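Structure at a glance
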Amino acid sequence: MFSNDRNIESIGQLVEIVKHYIGLQKEYAKLDVVDKIVRLLTAVTIISVISLLLMLCLIYLSFAVAYALEPAVGDVMAFVIIAGFYFLLLILCVLFRHQWIERPLVHFLANILLDANDSDNIG
């Protein structure tokens, strides 16, 4: 009653469809991982280039400010003032590292690695 040829053929087709679906899901997962890695590497590269250019600008700007302060406070004191400013900036970065560095970085990585679109595509 239950084992006629039509039922066996339907079960065979269902198994083939499930195998095909699992293969497609594996392929989708691979492509999704590659997409996220590429997006992450692109962001890291862009941030690195911008940071390098910003550091070069800050170096030249620091020398310009030091030489501008030189007539008022003297050679050495102008550079000490600039160094003190950067030391103060370092202390502020250490004190507010959670707000300024860690939280934005966590949100950025969460947005890349845990796409909101993934929940739509899973089911």
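The notes below deal with the structure included here. (Residues numbered from 1 in each chain as written. Predicted model: local features only at pLDDT ≥ 70, side-chain atom pairs only at ≥ 80, totals over all residues. Heavy atoms only, no water.)

**Points about the pattern of salt bridges**
- Under the criterion given, the structure shown has two salt bridges.
- Note that arginine 39 is salt-bridged to aspartate 35, the shortest N-O span being 3.6 Å. With arginine 39 and aspartate 35 both in helix H1 (residues 5–73) and four residues apart, this pair spans about one turn of that helix.
- Using a relative accessible area of 31% as the deciding quantity, one classes arginine 39 as partly exposed.
- Given a relative accessible area of 35%, aspartate 35 falls into the partly exposed group. (Salt bridge = Lys/Arg side-chain N within 4 Å of Asp/Glu carboxyl O. Helix = DSSP H or I, 4+ residues; strand = E, 2+ residues; numbered from the N terminus. Buried < 20%, exposed > 50% of the residue type's maximum accessible area, 1.4 Å probe, protein only.)

**Digging into H1**
- The end-to-end C-alpha distance of H1 is 99 Å, a good match for the 102 Å that 69 residues give at a rise of 1.5 Å each.
- All of the buried residues in H1 are Asp32, Lys36, Ala43, Ser62 and Ala66.
- Glycine 74 sits one or two positions beyond H1 and adopts a positive phi of about 100 degrees. (Expected span 1.5 Å × (residues − 1).)

**Focus on a nonpolar patch on the surface**
- A surface patch of nonpolar side chains, amounting to about 1100 Å² of accessible area, comprises Phe85, Phe87, Leu88, Leu89, Leu90, Ile91, Leu92, Val94, Leu95, Phe96, Trp100 and Ile101.
- Secondary structure elements with two or more residues in the nonpolar patch: helix H2 (75–95) and helix H3 (97–113).
- Considering every element that reaches the nonpolar patch, the biggest residue donor is H2, with nine residues.
- Note that phenylalanine 87 resides in helix H2. (Patch = residues over 30% accessible without salt bridge, like charges linked within 9 Å, V, L, I, M, F, W, Y side chains within 5 Å. Areas by Shrake-Rupley, 256 points an atom, 1.4 Å probe, with all protein chains shown as cover.)

**Re the packing of aromatic side chains**
- Under the counting rule described, the total for this entry stands at five aromatic pairs.
- With centroids separated by 5.9 Å and ring planes inclined at 70 degrees, the aromatic side chains of phenylalanine 63 and phenylalanine 79 adopt a geometry described as edge-to-face. Note that phenylalanine 63 is positioned in helix H1 and phenylalanine 79 in helix H2, a separation of 16 residues in sequence.
- In this structure phenylalanine 79 comes out as partly exposed when scored by relative accessible area, which is 33%. (Phe/Tyr/Trp six-rings, centres within 6.5 Å; stacked < 30°, edge-to-face > 60°.)

Read these as geometric descriptors, not functional statements.
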